[in-house]
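# Overview (structure and organization)
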Amino acid sequence: MDKLASHVEVAPGVFLERMGLFFEDVEVGETFEHRPGKTFTIEESLRHTLRALDQSPMLTDLNFHDQCEAGAWIINPLHVLAVLTGMMTKTFSRIVANLAWEKVEFHEPVRDGDTVYAESTVLEKRGSKSRPGQGIIRVRTTARTHHGRLVCTFERQILIYGRGQGPYEAAGY
Amino acid sequence: MSEFLAYIETGEKRYRERFGLDFEQFAAGQKFKHRPGLTLSQQDSRDECLDTINAQMLHFDEQFAAHTEWKRCLMDSTLTTKVVMGMTWKTFAKRVKLLGFDEITLTKPVFGGDTLYAESEILEKADAAGKARAGRLKVRTVGLNQKGEVVAKLVYGLLVARAGQDDYTRHNY
């Protein structure tokens, strides 16, 4: 099966949508551009901030926020990181578990109305000794706004299934 | 009597709620136990996925999850991260900027119905270059479940406002 295929022909003329790369499909140095981008609004940032129990005035009091050093309304950086992680799930969906984020840097803030796009480059891959048929990949993700402003970079270590492994066929995926 | 006050006395028999320590009040080695905790449901995780365009069905397709080693849907780790950080706000409300994470490590799976608590330790305290109104902290925050097991470990840098001369005082905080 071509690793880039979007559908599997499960019966003549019947196509099942598929998504995501297995461990063998990924090569060090490859870069994947994630789509769609996402437009951030201050309302969603407020909602996610409050739902995480956070009431910092920096993130919840727009009157305060608009006038202090940070300037006009910024989107909660944790929500930005969450969306960037979500953007990665179509290419990196064959995941056993998300192990860690590292070197997370917030360069310029994402502001109300900004649209953000992300891309990920594979830095390393190694088979798992304790989990046959699975492997760990390390990727570096870079996110920019539609203006091209660099907003966030990070690395992730992800444990992913090898081909033929995982619950996919049994679960109808 | 605590050295940290929950109110500012703004007049006779008049008190204003205050949150967050000033930079001067932090010291390396301090530990904070944050309250309240938060019980997360599987619906919270589904909402987080839908809001962050997260296509990882392990978080929202129970039938798929039943075929994995976890046997049920895993909590989206971006929600765990947001909540663990959000629960710290009453101590770190005067953060001016989240500088970035050295690491976010997910040490145990979280499931719907689990209750999370956060604890933090100040690892380093230093002046911030070019910043008279704020100083830099390095903090380690851990997320604990109802059994006291560490489910997430986060190490990050913060800029925290100094006493008196900050935006908070000017804006009646």
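Rules behind the numbers
Residues numbered from 1 in each chain as written. Chains lettered and ligands numbered in written order. Predicted model: local features only at pLDDT ≥ 70, side-chain atom pairs only at ≥ 80, totals over all residues. Helix = DSSP H or I, 4+ residues; strand = E, 2+ residues; numbered from the N terminus. Buried ≥ 20, exposed ≤ 12 C-beta atoms within 10 Å, placed from the backbone. Contact = placed C-beta atoms within 7 Å. Nonpolar A, V, L, I, M, F, W, Y, C, P; charged D, E, K, R; others polar. Pairing = 2+ DSSP bridges. pLDDT = per-residue confidence, 0-100. Axes fitted to C-alpha atoms, helices over the stretch in contact; angles between N-to-C directions. Parallel < 35°, antiparallel > 145°, perpendicular 65-115°, else oblique.

## Considering the overall build of chain A
Each helix and strand in chain A was counted, giving 4 helices and 8 strands. In sequence order, chain A lays out its α and β elements as β-β-β-β-α-α-α-α-β-β-β-β. Judged by the C-alpha coordinates and their principal axes, chain A covers about 60 × 40 × 30 Å. Counting over 173 residues, chain A shows a buried share of 38%.

## Looking at the overall build of chain B
Scanning chain B from N- to C-terminus turns up 5 helices and 7 strands. Counted from the first residue to the last, chain B has its helices and strands arranged as β-β-β-α-α-α-α-β-β-β-β-α. Projecting the C-alpha coordinates of chain B onto the three principal axes gives extents of approximately 60 × 40 × 30 Å. Looking at the 173 residues of chain B, the share that counts as buried comes to 42%. For chain B, the proportion of contacts with a sequence separation of at least 24, taken over those separated by at least 6, is 69%.

## A look at the interface of chain B and chain A
On the side of chain A, 42 residues touch chain B, which itself brings 35 residues to the contact. Those elements that provide at least two residues to the side of chain B that touches chain A are helix H1 (42-51), helix H2 (62-65), helix H3 (77-86) and strand S4 (95-106) of chain B. The element best represented in the side of chain B that touches chain A is S4(B), accounting for 9 residues. Partitioned by chemical class, the residues of the side of chain B that touches chain A number 16 nonpolar, 13 polar and 6 charged.

## Some remarks on the pairing of strand S1 (residues 7-11) of chain B
The two faces of the sheet receive side chains in turn, since in a regular strand these alternate between them. All names here are of chain B. Counting buried positions along S1 yields 0 of 5 residues, so the element is predominantly exposed. Taken together, the 4 bridges between S1 and strand S2 (residues 14-17) define a ladder with antiparallel strand orientation. Paired with Ile8 across the bridge in S2 is Arg16. What sits between the antiparallel neighbours S1 and S2 is a turn of 2 residues, in which Lys13 has the positive phi angle 55°.

## Points about unusual backbone geometry
Trans peptide bonds make up most of the peptide bonds, and negative phi angles are found at most residues other than glycine. The omega torsion of the bond from A:Arg35 to A:Pro36 falls at 0°, within 30 degrees of zero and hence cis. Note on placement: A:Pro36 falls in the loop between strand S3 (31-33) and strand S4 (38-39). Residue B:Arg35 is joined to B:Pro36 through a cis peptide bond whose omega torsion reads 0°. By secondary structure assignment, the location of B:Pro36 is in strand S3 (residues 31-39). The phi torsion at B:Ile53 lies on the positive side, around 45°, for a residue other than glycine. Take B:Ile53: it is sitting in the loop between H1 and H2.

## Quick notes on the confidence of the model for chain B
Do not read the predicted coordinates in detail wherever pLDDT is low. Residues and elements named next belong to chain B. The predicted model of chain B has a mean per-residue pLDDT of 94, with 98% of residues at 70 or higher. By mean pLDDT, the top-scoring element of chain B is H3 (98), and the lowest-scoring one is helix H5 (residues 167-170) (78). Reported confidence for the predicted complex is 0.88 by ipTM and 0.92 by pTM.

## Describing the environment of A:Thr31
All names here are of chain A. Note on placement: Thr31 falls in strand S3. For the pair Thr31 and Gln165, spaced 134 residues apart in the sequence, the C-alpha separation amounts to 24 Å. Beyond its immediate chain neighbours, meaning those up to four positions away, Thr31 contacts Glu119, Ser120 and Thr121.

## A closer look at H3(B)
By the criterion of burial, H3(B) is predominantly enclosed, with 10 of the 10 residues buried. The complete set of buried residues in H3(B) reads B:Ser77, B:Thr78, B:Leu79, B:Thr80, B:Thr81, B:Lys82, B:Val83, B:Val84, B:Met85 and B:Gly86.

## Re the packing of helix H4 (residues 77-87) of chain A against H3(B)
Between H4(A) and H3(B), the shortest axis-to-axis distance is 9 Å and the interhelical angle comes to 170°. The orientation of H4(A) relative to H3(B) falls into the category roughly antiparallel. Taking contact as the criterion, the partners of A:Leu78, A:His79, A:Leu81, A:Ala82 and A:Thr85 in H4(A) are, on H3(B), B:Thr78, B:Thr81, B:Lys82 and B:Met85. Of the residues belonging to the contact of H4(A) with H3(B), the class tally is 4 nonpolar, 4 polar and 1 charged.

## Overview of the environment of B:Thr88
With respect to the secondary-structure elements, B:Thr88 resides in the loop between H3 and helix H4 (89-92). When the C-alpha positions of B:Thr88 and B:Glu9 are compared, they lie 24 Å apart, and in sequence the two are 79 residues distant.

## Some words on the pairing of strand S5 (residues 115-127) of chain B
All names here are of chain B. In the sheet, S3 pairs with S5 via 6 bridges, with the strands oriented antiparallel. Looking across to S5, one finds that Phe32 is bridged to Ser120. As consecutive antiparallel partners, S5 and strand S6 (residues 134-144) are separated by 6 residues, and within that stretch Gly130 has a phi angle of approximately 75°, a positive value.

## A closer look at H1(B)
Along H1(B), the residues classified as buried are B:Ser45, B:Glu48, B:Cys49 and B:Asp51. Buried positions along H1(B) lie against helix H1 (42-51) and H4 of chain A together with H3 of chain B. Immediately downstream of H1(B), the backbone of B:Ile53 shows phi near 45°, a positive value.

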